[in-house]
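Coordinates in review
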Amino acid sequence: MKGKSASGGNVLSRRFNRFNKEKELWFWSIFAIAWWVVFFLVPLYGVTYSFFNYVPGRPLTWDRFVWFDNFAAFFQMREAPLVIRNTLVIGGLNMTIGFIAPIILALLFDELKSMKFKKVVQTVSYLPYFVSWVVVASILNSFLSSEGVISEVLVSLGLMDKPVSFLTVGPYFWPVLITASIWKGIGWSTILYMSAIAGIDQELYEAGAVDGLGRWGMVKYITIPSILPTIVLLFIMGIGNILNTGYEVNLLLGQPTTRDYWEVIDTYVYRYGIQLGRQSFAIAVGLMKSVIGLIMVFVTNSVAKKIAGLRLF
Amino acid sequence: MVRQDLVKKTASGKVFDVFNVVLMIILSFFFIYPFWQQLVMSLNDGIDAQRGNLYFWPRVFTLNNYDYIFKTKGMLDALFWSLARVIVGTVTQLVCTGFLAYLTSVKFFTLHAWLRKMFVLTMYIGGGMIPVYLWFQQLGLLESFTVYWLPGVLSAYGMMIIGAYMDGLSDSIAESARIDGAREVTIYFRVVAPMCKPVFAALAVMTAVGHWNSWFDVMLYNASGSYDTLQMLLRDILIESNKLAELMKDSTAGSDAVKGQAARITTQTMRAATTMVVTVPIVCVYPFFQKYFVKGISIGAVKG
């Protein structure tokens, strides 16, 4: 580089000239960096509280340092196995049925011949995505109560003897939750698949037709392999979020009597950290969740790389 | 040419087409009907609604439910805070995040790539709920309106989609403005931002809907209820049975006419009406804005 052979004074003056040209940009960057420190770095540093026995209002001194006691405490809690089970079951349902459903819907959308009809159905399918979980919970509560539409219809069809208040029965929580999640998100989740399908070269299909592929054959040998990279990418991203599933609905629809079925790690962290005031313990539980999520992303990524040659990063 | 026409028409193909169209109509019904049922419920007399079997059309039509909920003080306050956070939150985020994206897209700037990396990092890791809560408590952000918009003024996701758009623009105009001695702020507001209208529109819609729909931060940071939004009000009516009694009490102090009105209203119809107040703005707006959303997530996915 030229800078090396030049004298020190030149380097300095060039640096100064460069800084002079950029000084306004530097000035504004200070605000961005300040925001980054305040709203990202400090809370990130806050996870170290999980190694202490933090008491609000008292300084955090080294004699409060308790190593991994807060982490170990979680596994001694009576609810721990249930919380882990619920998180894995709900996350697992989301990553299986909840993951496949939008792919199937996208393929069905793609088979529609009328563009206008397709457009209308797609737009309608986005509707639930735009409303809040509070609205969804309120509608579910109305439909699933003992005087609700579902009970009425099932009783009048003779499928049930008497009305049931579904939300008060613990075992119904998982099917209700996964149905609601799919209903809310399925249309929206098709968008990325639809744009992947739109990007497939039309000539592939023409060549396929020459080779005698039928409609199902085209889906199987052309469409699905072409959108596989998108599927893998979304799967890897989904795996990273598997432990973050559904705290909103759970907090809105979960009742104290059905807690054994809906308490997941996120609601547990909220309950202990905010409502019961055990901050260090709650931070430890949340930290474990994040670290496991991060590890799972890396593992899925390398597995996907090995078996399919596809990866996120 | 439509792809399906490449293939010879078969009987099973036709059966599938019919099946597919029927399935789509059924699915559309399931996407729309829950909202329709709530609308019917909200337009029906409360006492009558308790008889059940209210499916497609109001039996005893009334606007009482709406009339009544808009007379309660909680509702108007909640509407105010909802609108305030949508407007303030969206405007501040667009201006600030747009400027951040601009800083990261000025190629000669030493920090441009670093800034981008720093903010991308915030999408993947973070302190989590409790550290953020404790820190906000120390900062005095709890029980304030500020907590709704300040933590969101810079969004990494917004930076990525605006940044991607700005990278696609030619920088010759910005460069010539710079040679003419224009300040960076001027270049951003006068030259670059106006060229980015489509992507700003996309982000604006996403941010506004996000603000309108969010409730958990209200519950978490403003637990006292002084800054309750519409979503939070609906959540309270849903979960805390005493909230409804409280709202009912507001009006029993009023005239006899209002008391008579309150007597015909039930939790069920009142909740349905509140659900509609929260939902209708979204339903009216989303078909026009969904294309911006679609664009936004496609850009985000390519870059992410």
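Residues numbered from 1 in each chain as written. Chains lettered and ligands numbered in written order. Predicted model: local features only at pLDDT ≥ 70, side-chain atom pairs only at ≥ 80, totals over all residues. Heavy atoms only, no water.

Turning to a nonpolar patch on the surface, a few remarks are in order. A contiguous nonpolar patch, built from Val18, Val22, Ile26, Phe29, Phe30, Ile32, Trp36, Phe56 and Trp57 of chain B and spanning about 930 Å² of accessible area, is present on the exposed surface. Judged by relative accessible area, which is 38%, Ile32 of chain B ranks as partly exposed. (Patch = residues over 30% accessible without salt bridge, like charges linked within 9 Å, V, L, I, M, F, W, Y side chains within 5 Å. Areas by Shrake-Rupley, 256 points an atom, 1.4 Å probe, with all protein chains shown as cover. Salt bridge = Lys/Arg side-chain N within 4 Å of Asp/Glu carboxyl O. Buried < 20%, exposed > 50% of the residue type's maximum accessible area, 1.4 Å probe, protein only.)

With that settled, the discussion passes to the confidence of the model for chain A. All names here are of chain A. Per-residue confidence for chain A gives a mean pLDDT of 91, with 96% of residues at or over 70. Mean pLDDT values for the elements of chain A range from 46 in helix 1 (residues 2–5) up to 97 in helix 5 (residues 97–111). Confidence over residues 1–6 falls short of pLDDT 50; this stretch has 3 contacts with residues more than four positions distant or in other chains. (pLDDT = per-residue confidence, 0-100. Helix = DSSP H or I, 4+ residues; strand = E, 2+ residues; numbered from the N terminus. Contact = heavy atoms within 4.5 Å.)

Residues and elements named next belong to chain B. Its place among the elements puts Gly74 in helix 4 (residues 73–105). Overall, the relative accessible area of 24% leaves Gly74 in the partly exposed class. Along the backbone, Gly74 and Val106 are 32 residues apart, and their C-alpha atoms lie at a distance of 47 Å. The contact partners of Gly74, leaving out residues within four places of it in the chain, are Leu233 and Leu247.

Tyr102, Leu115, Phe119 and Phe136 of chain B are the most contacted members of the largest nonpolar core, which has 175 residues in total. In terms of residues, this core owes the most to one element, helix 9 (residues 173–198) of chain A, which gives 14 residues. Two domains each put at least three residues into this core: domain 1 (2–43) and domain 2 (77–308) of chain A. Not counting the four nearest positions on each side in its chain, Phe119 of chain B is found in contact with Ala32, Trp35 and Trp36 of chain A together with Leu100, Leu154, Ala156 and Met159 of chain B. Core analysis: the second largest hydrophobic core is formed by 5 residues, Val40, Ala49, Leu54 and Ala272 of chain B among them. (Core = buried A, V, L, I, M, F, W, Y, C linked by side-chain atoms within 4.5 Å. Domains from an automatic or database assignment.)

Let's shift gears to the layout of surface pockets. If you add up the space inside the second largest pocket, you get close to 980 Å³. Residue lining of the second largest pocket: 31 residues in total, with Ile150, Thr179 and Trp183 of chain A together with Phe30 and Pro34 of chain B positioned closest to the centre. Looking at the lining of the second largest pocket, the elements with two or more residues in it are helix 5, helix 7 (133–144), helix 8 (149–156) and helix 9 of chain A together with helix 1 (11–42) of chain B. Of the residues belonging to the lining of the second largest pocket, the class tally is 30 nonpolar, 1 polar and no charged. (1 Å grid on protein atoms, 1.4 Å probe; cavity = no way out; pocket = protein on both sides within 12 Å on 5 of 7 lines; lining within 4 Å. Points joined across faces, edges and corners; volume = space filled by probe spheres on them. Nonpolar A, V, L, I, M, F, W, Y, C, P; charged D, E, K, R; others polar.)

Looking now at the side chain of Gln93 of chain B. Residues and elements named next belong to chain B. Inspection of the secondary structure assignment puts Gln93 in helix 4. By relative accessible area, which is 9% here, Gln93 ends up buried. A polar atom in the side chain of Gln93 sits 3.0 Å from the backbone oxygen of Gly152. Gln93 has contacts with Gly98, Gly152, Val153, Ser155, Leu203 and Thr207, leaving out every residue within four places of it along the chain. (Polar contact = N/O pair within 3.5 Å; in protein donor to acceptor, adjacent residues only side chain to side chain.)

So, on to the interface of chain A and chain B. Taken together, the contact pairs 81 residues of chain A with 90 residues of chain B. For the pairing of chain A and chain B, the buried interface totals around 8000 Å² over both sides, and the portion due to carbon and sulfur atoms is 75%. Ranking the residues of chain A by area buried against chain B places Leu25, Trp35 and Phe130 of chain A at the top, with a combined share of 9%. In this structure, the salt-bridge partner of Lys113 of chain A is Asp17 of chain B, at a minimum N-O distance of 3.0 Å. In this structure, the connection of chain A to chain B is made through 23 residue pairs in polar contact (both at pLDDT 80 or more). Broken down by element, the residue count for the side of chain A that touches chain B peaks at 18 residues, all from helix 2 (residues 8–45) of chain A. The residue makeup of the side of chain A that touches chain B, split by class, is 56 nonpolar, 13 polar and 12 charged. (Buried area = accessible area lost by both parts, 1.4 Å probe.)

Here the focus is the domain arrangement of chain A. According to the domain assignment, chain A contains domain 1 (2–43) and domain 2 (77–308). Taking only C-alpha atoms, the centre of domain 1 of chain A and the centre of domain 2 of chain A are 45 Å apart.

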